[in-house]
Structure formats: C-alpha cells, structure tokens
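Notes for the structure review
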Amino acid sequence: MDAVTIYHNPACGTSRNTLGLIRNAGIEPQLIEYLQSPPDRATLRSLIDAMQVPVRDVVRAKEPLYAELHLADAGDDALVDAMLAHPVLINRPIVVTARGTKLCRPSEAVLDILPQPQRGAFNKEDGEAVIDAAGNRIR
C-alpha cells in the first residue's frame, strides 16, 4: 500500500474532513500535527516545491498573525521564515502521496491524489455529501 502523510491540525474542520476522506479510502495515514511537530526548513521547502505553488499560497493569510507581521508584501524567504517561526501560518492540510503533494482546500482535493478509491459514502462534518454509497464523488 502506498504511504500517505497528512500535515494535520485537529482543530481545523477542513483538515478533519480531509483525514476522513483518506480513512474512507481504507488508508491510515502518517499523521503529523504540524503545530506540535513543525516541519524544518528543508521539509517545508520540499512540500512547497512538490505542490508546485507559490510560497504565498501556503501561508494562511486569514490568520491574524499574518497582518501583525506585515506579511502582505513579504518575499518568499520572509514568508518561509514566518511559517517556521509561527507554524500556525502554514495553511492546511497538506497531503503527500505517491501520486502527488497537495494543499487540500477544499478537502475533496485529496481525492485527486489518493492511491485507493473511496470505499463508501462520506459526508463532511457540516453534512454535505461528498461521496455516494458506491464510493463515487458526488460533484
């Protein structure tokens, strides 16, 4: 079975829904609660490179600390430094599989990189149906 890793924040509904979709595929991922065990610089840079997104896309701009640190005009190195110093600024969840690395916002984005299909119905915490009883994506 292919390994799956999720950089997870259990306080985040999107992160919990993403974890639920991973488990609905019959996969128990390596779970990294990045607020308690933040990635080092090389790991964070590797994740960003693997996602092929701008560094700014991985920064949680809605976090009040983003404004407090005046990061709106910061360059890539300053953004990485800020995320390393304040892991709460790392957007989540980030999922790594053999099929790719992705920031899974919305949570259904994880379906594009999971190595196994869904095994049954899945509803998000808010009740929105995402997967039908046959394991098929609804939208």
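So, a few notes on the structure that sits alongside this text. (Residues numbered from 1 in each chain as written. Predicted model: local features only at pLDDT ≥ 70, side-chain atom pairs only at ≥ 80, totals over all residues. Heavy atoms only, no water.)

Let us look at the packing of helix H2 (residues 41-51) against helix H4 (residues 76-85). Remark: H2 packs on H4, axes separated minimally by 11 Å, with the N-to-C direction vectors making an angle of 120°. Our classification of the angle between H2 and H4 gives oblique. Both H2 and H4 take part in a crossing whose hand is right-handed. Packed against H2, whose contacting residues are Arg41, Leu44, Arg45 and Ile48, the element H4 presents Asp76, Asp77, Val80, Asp81, Met83 and Leu84 at the interface. Residue classes in the contact of H2 with H4 are distributed as five nonpolar, no polar and five charged. (Axes fitted to C-alpha atoms, helices over the stretch in contact; angles between N-to-C directions. Helix = DSSP H or I, 4+ residues; strand = E, 2+ residues; numbered from the N terminus. Parallel < 35°, antiparallel > 145°, perpendicular 65-115°, else oblique. Left-handed = near helix turned anticlockwise from the far one by under 90°. Contact = heavy atoms within 4.5 Å. Nonpolar A, V, L, I, M, F, W, Y, C, P; charged D, E, K, R; others polar.)

Glancing now at the environment of Met83. Residue placement: Met83 occurs in helix H4. Taking the C-alpha atoms as reference, Met83 lies 11 Å from Ala61; in sequence the two are 22 residues apart. Those residues in contact with Met83 that lie beyond four places of it in its chain are Leu44, Ile48, Val55, Val58, Val59, Leu89 and Ile90.

Our next topic: unusual backbone geometry. Going from Arg92 to Pro93, the amide bond is cis rather than trans, its omega being -5°. Along the chain, Arg105 connects to Pro106 via a cis peptide bond; the corresponding omega equals 5°. On the secondary structure map, Pro106 appears in the loop between strand S4 (100-103) and strand S5 (122-123). One non-glycine residue, His70, lies in the positive phi region at around 55°.

In this structure, Ile48, Val58, Leu71, Met83, Leu89, Ile90 and Ile94 are the most contacted members of the largest nonpolar core, which totals 22 residues. At the level of secondary structure, the elements contributing two or more residues to this core comprise H2, helix H3 (64-68) and H4. Formed by 17 residues, the second largest nonpolar core is a distinct cluster that contains Cys104, Leu114, Phe122 and Ile131. (Core = buried A, V, L, I, M, F, W, Y, C linked by side-chain atoms within 4.5 Å. Buried < 20%, exposed > 50% of the residue type's maximum accessible area, 1.4 Å probe, protein only.)

Moving on: H2. Those residues of H2 not exposed but buried are Leu44, Leu47, Ile48 and Met51. For H2, the angular spread of the buried residues around the axis is 95°, confining them to a single face. Across from the buried face of H2, at angles greater than 90 degrees, the exposed residues are Ala42 and Asp49. Buried positions along H2 lie against strand S1 (5-8), H4, strand S3 (94-97) and S4. Just downstream of H2, Gln52 is the residue with a positive phi angle, here 55°. (Arc of directions from axis to C-beta.)

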